[in-house]
Structure formats: structure tokens, C-alpha cells
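# Observations on the model geometry
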Amino acid sequence: MDFAEYRQRGKEMVDYIADYLENIRERRVYPDVKPGYMQTLLPDSAPVEGESWDDIFNDVERVVMPGVTHWQSPHMHAYFPALNSFPSLLGDMLADAINCLGFTWASSPACTELEIIVMNWLGKMIGLPDDFLNLNNTSRGGGVVQTTASEATLVSLLAGRTKAIRRFHEKYTGYQDAEINARLVAYCSDQAHSSICATLGTTGSCSFDNLDEVGVVSNEFDLWLHVDAAYAGSAFICPEFRTWLKGIERADSFAFNPSKWLMIHFDATAMWIKDVTTVHRTFNVEPLYLQHENSGVAVDFMHWQIPLSRRFRALKIWFVLRSFGIKGLQQHIREGVRLAQKFEALVAADHRFEIPAKRHLGLVVFRIKSDNEVTEHLLKRLNNRGNLHCIPSSLKGKYVIRFTVTSSRTTINDITRDWKEIKDVATTLLTEMKINISDRVYLKNTKEKSSPFGSSLLLSNSPLSPKIINGSFAAIFDTKEISTQTYAGVRITRQESPSMRRRVRGILMSGKQFSLDSHMDVVLQTFIDSSPKNSKEEEIASNKRENCDDIHEDEETGEVKGILAKNKAPVPSFFKIANQKYSPTKVRRRIANKSFMLPPIPSEENDTQIEAKGHLNGQEKENGNQELSLLYPGKRYLYSNNSSNNDVYFTENVLNSPSPKDEYPPLPSSSILSEPEKYVEITNINANPLSHDQRFQHGKTASSKSLPESPSLPVIMHVIRSLSEAGEITHLNST
């Protein structure tokens, strides 16, 4: 092949590579071949005479491609990413053409100089301390490009051994290196895979060692600490993922693979060493033919590695960093994490599967909720079909499937397609094996996973009024009133205990989000007594209303003043109580107890009409069928039932029922509780600047200007409670 033909064939190869990557979705991810398949496709010996390029190139599709696992496919989810990019491919094309061996600075100065620069760039991108960088001639640290993370781990292990033996000789004499070496111990976690080190992003589940804690112990005992972040290290270019890097300043060496996730194709492992003198002692070679006039001044990377010769790997790294920039690479990392989150959500939504380890970055591990053999059969069947490719792992005795977002070409459509493949194959497999996985969630299992589970915090629409209830095991958001309709016919003996009444009132004030058992309490308590009341009771309930005087906050004392009265009847004042611990003896007001019953749910048409009118029509008044909305914006309506005479009272912010041990203040005047009042149709309350002269008009529609100027939240709360106690509120629209 001469220059002319090379130009032609080179262009053809570029076109072939571009077509391959562009149409890679159409290829089967995992090859359908058996070991030894190629023996029948090629001759036993090399050809004696040279062959034409056309014959050679045609055998790529006939011989090679049928046995290729397509790592760049968006449906490749095994191992970790092994990405490439066009700038990276072009960089290696040029490096292969130059083909220098950069073992010393003199063997190719550009190869060494560019490697120092790109390693400083990468170190700054991921947030490494300056101690790890080669910033000037006095720097003790620096970075080097190794072939693999395993090689970087071995380099650090050997350097740590050299340091330990040297330290032992300083304390004790008379021992040989071999004797000391036999006593040395290397420590790692059970998830460290093939590397003996601290791990940030393990192969099995992408879990992380606590680097901050490990570093303290290592420094205390003067141990060499190497950190392997082969996969996860690329993510540290995003500041939000650097929390796992906390404590890196205590490490002696650190390595990650740009060849995994930074779109720089294999091989390229970035390794940094805080103090390179120990590495020099371990790998130093000084034959005369390798020395040069700048030895000892310039960096010679042959002293930083196991091999002597090295490729010009820095060129492709330089091309990629300049082509994408930091922002482009950050966007690529974040998109991979986002797609993994989408897949995690799909798995979590299927009750047949479980995720036994927390997802970190772009790796999700999952399994079928059954014996290990079931998940193993699922994985084998998926790989045999060839539409996607995953590999297994073992976590605490559980056989799991690893699903990693590996390709830069993966989209959300690829993720949903692959999940459908997994789900459909699992359905077929479980049917064949006659395995039924229940979708029931047992309280015991939930408690084991989260011990605090069982309590819910419900917040009232009334300010400063939190309610804490026992949620037992589940929470529901009842937007369709499903539970109310389901349990509408339940009838049991009324529970008249003070705690139950207090509980139900707290729930009713809290809004529409109930835990399941709390919703049951509301339904049972409010639907128990649904028998029709006599006309006299209904008439009293219909006519019982009170007028409101001006309510305002005293500018000097801060007290909330104003009364609910009819014909100036004396009533207790409301006091502003702030930041005080609850006590039964605090200022409180007793009022007649009102229990409520939930009627059948009105239709949306009726709801709309009621909201549009803003008041009850005459027919509803005659029937005593006044509808009261709760103190939250929703479509749940209550009928007032005043047949119960049990007393309740307000503390500073929570409605409570009486307790036998409570000491009650005197009851207000009987006229306040029993005398019939006139009906006020609508009361609008807002927090706009208002005039002090405005007063509620007796028996008329109240104005939105009835509050004092700039009322505080306690004032608004007291207004709402006062109107509610007096029966003034028919509809309360909160905005």
C-alpha cells in the first residue's frame, strides 16, 4: 500500500467507522457465537503471499463483527463504560502515526511535557489538592498516565511496600527485606474487587468507602493509602459528586480511568502520587543508554511505572478536553446519571423486583424477589436473546444484575425499551417456573428497612398548627375521595374517648393527606351516626350564629383584642401566646362541641354551583342542611351536628378535647353559646392593608376590609377560629 492508496483506504475506513457507530443500534449487542467459532472461518497458517486490501477488509464483517460485543451500543449495560469519541479516535490515529516511545524526557520531549500538562488539567477538574500536581520544579507530587487502574494499584502497592520496609529498617536492624516483606499486610474492603486499596465506586454496586475515616487511620499508623476511583473518578468533574472525595488530602496516591466515562478510549488511566520519591526508589533504572543531559532535572516517566516504554496517550486526552471542554463533559456525566435514575424508577415501580443496594451515579443493581437461581435464569435468558447485555454481581449472598448506562448515545427511549425487554422476559420466566410474587407490602419488612417508619407529620392549613399522628404503615393522597367512598357504609360503635375526638379533629384540620389508619378514623368517626336529626335540633343548628366585632392586635402590648358577642355580651378576651410550652392551664376558651358528619360526596357540578354562589340557598336553610367546608382548599363538605354537649377548648394553636385531669377556666356567658344569632352569608378574609374603621356589619355580607392594617398570622388565626366557633364560616376559600 502506497501513499495514494493509503489516502483512499484511510477515507474508506473513516466512513466505515462513522457508519458503524451511527447505526450501532441495529446490531445485536451480545454475539451469538460459541468458543472456537473463528477456527472454521480462517486458515490454520498465515498466507505466504500478500492479499489484496479488498479481501482483507471484506473479512471484517464476515469474520470479526459476528463475534464482537458492541461496547458502544446504547443497549450495552455490562461492566462499566468504555467510551470513545471522534476527537479521541483522531488523537490516537495521530499518536499511532508518530509512534514515539516516551520512556524518558529525551526520547520525546513533547510526549512527556504534554502528559504533565493534561494530568494537571485533569487533577484540577476533579478537585485534587495541589500536593498531587506537578506545578513547578519544587513540586513533590505529580500525575502520570498508566495503562489500567489495576496497574496503578500495583504501582502504589509496591511503592507502599518500599516505604514500609525502609521504615522497618530504621527501627530494627538485622532483618532481610524478604523477612520484612513476609510480615506486611494490605487492607481493603470486601467490595474492592481486584484492587487492594480504598475504593470510590466499587465494581459490584458502585459503593464508596468512607475516605475521611480511612485516611485518619492510615495517617495515624503511617500506612500508604491508595484510592481507586476507576469508574466514579470521572464524575468528580461535577462539583455535586465531590462529597465522596472528602478526605483525599490524607491519601498517598489516587487513580481513575478517563477511558471509562470521559469519552477517551482505552487505554488511559490517570494516576497521581503525593510524593514521587518513593515511587522512584521502587522503579528506578539507570543504565547508561537511558541517561541524558537533563536526567534528574526533567521528568522521566520510566521511573513511575512497571513497563519501560510508553505510548503517546496524552495526545487523545488533550484532543478530548479541548473539544468538549469542562462544561460539555459535565453535561455528559449528568445525563448518564439522569438516565440511571429513570431506570431505577422503572425497576422500583415493579413489585416483582427489588434494588438491594442504593444507586450511585450510573449503576443500578436489581434482582427478582425470589431465590438467586431465578435472577440467574433471567440474566442468562436476557443475554442469550442478545437485545441487551448485563453481567451479574454478588452482594451479601444475593445474586444481582448490574445495569450501567455505558454509551454516550443512550437515550430515554433506549432505557424504556431495555426495561420492557427485562420485564417481558421476567414475566415469561416466572410463568414457566410457576412463581407468583405478591405485591403486598408487610409491615414487618417495612420496619426492618426503616425503623422510624410509622409516624406521619401532617400540617394544618391553620398556621403554626402541626399535627403528629401514627401513620402505622402507609400514606395515601386521597385526591379522588376513594377511601371515603369505600368505607362510607362502615358502621361500628361510636368511640367517645377524648383521645379519639382530639385525633379526628387534628386530622380534619390537617388537610387532605392522611395516613391510611388516620383516614379510617376520620371515616369511622364521622360516618357512625348518620341518622336524621329531629327538626328542632336542625332548626337550632341552622339559626345558631354570632356576630363579630372588630378584632385587632394591640400595637403596644401585642395582644389580640376583640370579642365574639351578641348585644355586647361579655366574653373572654383572646391573648397572644407565643413561644410558650403547652400546659393545660394556659389561657384557653371552651366552646360547645361540634361533631361533624361527612355526607355523600357531591358531584362536581354541584361543587361548581356552590362555589359560584358563595352562599346557601333558601331551600338549604329550611332543611337545616348547611354545608361547611374544612379549613383547607378541598371539596369535602360537612354537616354540623350539635347534639353532643361535650366541651372542647382551644390552646394557643391546637383544638383539643377535655381531659379528666385538666383544670378549666370559667365558662363564657351562656348567651354566647346558646342564643340564636343571625346568619352571615360570606366572610372573606385576606391580608391586604386594611383600615381600622371598618367593622363587621351585623347580619350582612362581611367586607374583605374588615381586618386591621397589616394583620399578623396570629391575628388571622384568631379571626378564623373565632368565626368558626361562632358558626360564622360557611365557605372559606384560602388563597
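Residues numbered from 1 in each chain as written. Predicted model: local features only at pLDDT ≥ 70, side-chain atom pairs only at ≥ 80, totals over all residues. Heavy atoms only, no water.

### Describing the sheet that holds strand 7 (residues 363–368)
Strands sit in the order 6-7-9-8 across an open sheet of four strands; the sheet is antiparallel. The open sheet terminates on both sides in strands that have one partner only, identified here as strand 6 (353–354) and strand 8 (391–395). Sheet topology note: the strand 8/strand 9 (residues 398–404) ladder contains five bridges and is antiparallel. Note on strand 9: the bridge partner recorded for S394 is Y399. Across the sheet, helix 11 (residues 372–385) is in contact with strand 6, strand 7, strand 8 and strand 9; its angle to strand 9 comes to roughly 35°. (Pairing = 2+ DSSP bridges. Helix = DSSP H or I, 4+ residues; strand = E, 2+ residues; numbered from the N terminus. Contact = heavy atoms within 4.5 Å. Axes fitted to C-alpha atoms, helices over the stretch in contact; angles between N-to-C directions.)

### Section: the sheet that holds strand 2 (residues 198–199)
Strand order in the open sheet made by the five strands is 1-5-4-3-2, with mixed pairing throughout. Of all strands in the sheet, those bounded by a partner on one side alone are strand 1 (142–146) and strand 2. Running at roughly 85° to strand 5 (residues 269–273), helix 4 (residues 109–125) makes contact with strand 1, strand 4 (253–256) and strand 5 of the sheet.

### Quick look at the nonpolar core
Counting 53 residues, the largest nonpolar core has L122, L200, V227, F254, F256, W272 and L361 as the members making the most contacts within it. Going through the elements one at a time, helix 4, strand 4, strand 5 and helix 10 (314–348) are the ones with two or more residues in this core. It is helix 10 that provides the largest number of residues to this core, a total of eight residues. Mapping this core onto the domain boundaries places at least three of its residues in each of domain 2 (100–311) and domain 3 (331–433). Membership of the second largest hydrophobic core comes to 26 residues, among which are F366, V374, Y399 and W419. (Core = buried A, V, L, I, M, F, W, Y, C linked by side-chain atoms within 4.5 Å. Buried < 20%, exposed > 50% of the residue type's maximum accessible area, 1.4 Å probe, protein only. Domains from an automatic or database assignment.)

### Regarding the environment of R9
Mapped onto the fold, R9 is located in helix 1 (residues 3–22). When the C-alpha positions of R9 and D54 are compared, they lie 9.5 Å apart, and in sequence the two are 45 residues distant. Each residue touching R9, except ones within four places of it in the same chain, is listed here: M1, W53 and D54.

### Concerning the UniProt feature "modified residue: N6-(pyridoxal phosphate)lysine" (unreviewed entry) in the protein
Under the present numbering, the feature "modified residue: N6-(pyridoxal phosphate)lysine" (unreviewed entry) in UniProt falls on K260. Secondary-structure assignment places K260 in helix 8 (residues 258–261). Its relative accessible area of 17% is what places K260 among the buried residues. Leaving out residues up to four positions away in the same chain, K260 has contacts with F80, P81, A82, L83, A230 and Y231. (UniProt positions renumbered as here; feature names shortened; annotations may be inferred.)

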